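Structure assessment
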Amino acid sequence: QVQLVESGGGLVQPGGSLRLSCQASGGTFRRYRMAWYQQAPGKQRELVASIAADGASTSYADSVKGRFTISRVNAANRVYLQMINLKPDDTAIYYCNTALSSFSWGQGTQVTVSS
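These lines cover the structure that appears in this document, whether it is placed above or below. (Residues numbered from 1 in each chain as written. Predicted model: local features only at pLDDT ≥ 70, side-chain atom pairs only at ≥ 80, totals over all residues. Heavy atoms only, no water.)

Some words on the overall build of the chain
From N to C terminus, the chain includes zero helices and ten strands. Each helix (α) and strand (β) of the chain, taken in turn from the N terminus, gives the series β-β-β-β-β-β-β-β-β-β. Taking 2.2 N^0.38 as the reference for a compact globule, 115 residues should give roughly 13 Å; the C-alpha atoms of the chain span a radius of gyration of 13 Å, in line with that estimate. With the C-alpha coordinates of the chain rotated into their principal frame, the extents come out at 40 × 25 × 25 Å. At a minimum sequence separation of 6, the contacts of the chain that also span at least 24 residues come to 53%. Carbon and sulfur atoms form 46% of the exposed surface of the chain, whose accessible area is close to 6100 Å². (Helix = DSSP H or I, 4+ residues; strand = E, 2+ residues; numbered from the N terminus. Rg over C-alpha atoms; globule rule 2.2 N^0.38 Å. Contact = heavy atoms within 4.5 Å. Areas by Shrake-Rupley, 256 points an atom, 1.4 Å probe, with all protein chains shown as cover.)

As structure tokens, this is what we get:
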């Protein structure tokens, strides 16, 4: 079974940037379309970015389009989420998984955008 460990979150001021990392171990995740999910306080977990298995295509939720960039390095079993121009509404726990949430959820990484 694949294990997923998210890291890179923290406290940042509005307009700041963060890069989140997702490290996978076990199994072969490179065949899957991977995604980042956002769970804001009081909200359902929501997919905000995804990337094809070979990295050739990406998709984004309207709320983050133009500000977030998803990427992957399959040889390192790693997925990234580069976030720029962060807004308070981006405050959430961020999780990685396949685009169909095929694997067990990790603990996520907290992103807090506040002045």
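Some words on the pattern of salt bridges
The full count for this structure, using the stated rule, is one salt bridge. Between Asp90 and Arg67 there is a salt bridge whose closest N-O contact spans 2.8 Å. A residue pair is termed long-range when its members are at least 10 positions apart, and Asp90 in the loop between β8 (78-83) and β9 (92-98) and Arg67 in the loop between β6 (58-60) and β7 (68-73) qualify at 23 residues. (Salt bridge = Lys/Arg side-chain N within 4 Å of Asp/Glu carboxyl O.)

Observations regarding unusual backbone geometry
Even without being glycine, Asn77 reaches a positive phi, approximately 55°. Along the polypeptide, Asn77 turns up in the loop between β7 and β8.

Regarding the nonpolar core
Counting 28 residues, the largest nonpolar core has Leu4, Trp36, Leu81, Met83 and Tyr94 as the members making the most contacts within it. Put simply, the parts of the chain that give this core at least two residues each are β3 (18-25), β4 (34-39), β5 (46-51), β7, β8, β9 and β10 (109-113). Examining the composition of this core, we find that four residues originate from one element, β3, more than from any other. In contact with Met83, other than residues within four places in its own chain, are Gly16, Ser17, Leu18, Leu20, Arg67, Phe68, Tyr94 and Val111. (Core = buried A, V, L, I, M, F, W, Y, C linked by side-chain atoms within 4.5 Å. Buried < 20%, exposed > 50% of the residue type's maximum accessible area, 1.4 Å probe, protein only.)

What to know about the layout of surface pockets
A volume near 180 Å³ is recorded for the largest pocket. Taken together, Gln38, Ala40, Lys43, Gln44, Glu46, Ser63, Val64, Arg67, Lys87, Asp89 and Asp90 form the lining of the largest pocket. Across the lining of the largest pocket, the residue classes break down as two nonpolar, three polar and six charged. (1 Å grid on protein atoms, 1.4 Å probe; cavity = no way out; pocket = protein on both sides within 12 Å on 5 of 7 lines; lining within 4 Å. Points joined across faces, edges and corners; volume = space filled by probe spheres on them. Nonpolar A, V, L, I, M, F, W, Y, C, P; charged D, E, K, R; others polar.)

Regarding the pairing of strand β1 (residues 3-7)
Across the two faces of β1 the burial differs, with Leu4 and Glu6 buried and Gln3, Val5 and Ser7 not buried at all. Relative to β3, β1 runs antiparallel, the two being bridged by five bridges. Bridge pairing in β3 links Val5 to Gln23. (Pairing = 2+ DSSP bridges.)

Here's the deal with the state of the cysteines
Disulfide: a covalent bond formed between the sulfur atoms of two cysteine residues. Scanning the model with the defined rule gives one disulfide in all. Disulfide pairing is shown between Cys22 and Cys96; the S-S distance is 1.8 Å. Since a negative S-S torsion denotes a left-handed disulfide, the Cys22-Cys96 link at about 60° is right-handed. Here Cys22, found in strand β3, pairs with Cys96, found in strand β9; they are 74 residues apart in sequence, far enough to count as distant. For Cys96, a relative accessible area of 0% corresponds to the buried category. (Disulfide = S-S within 2.5 Å.)

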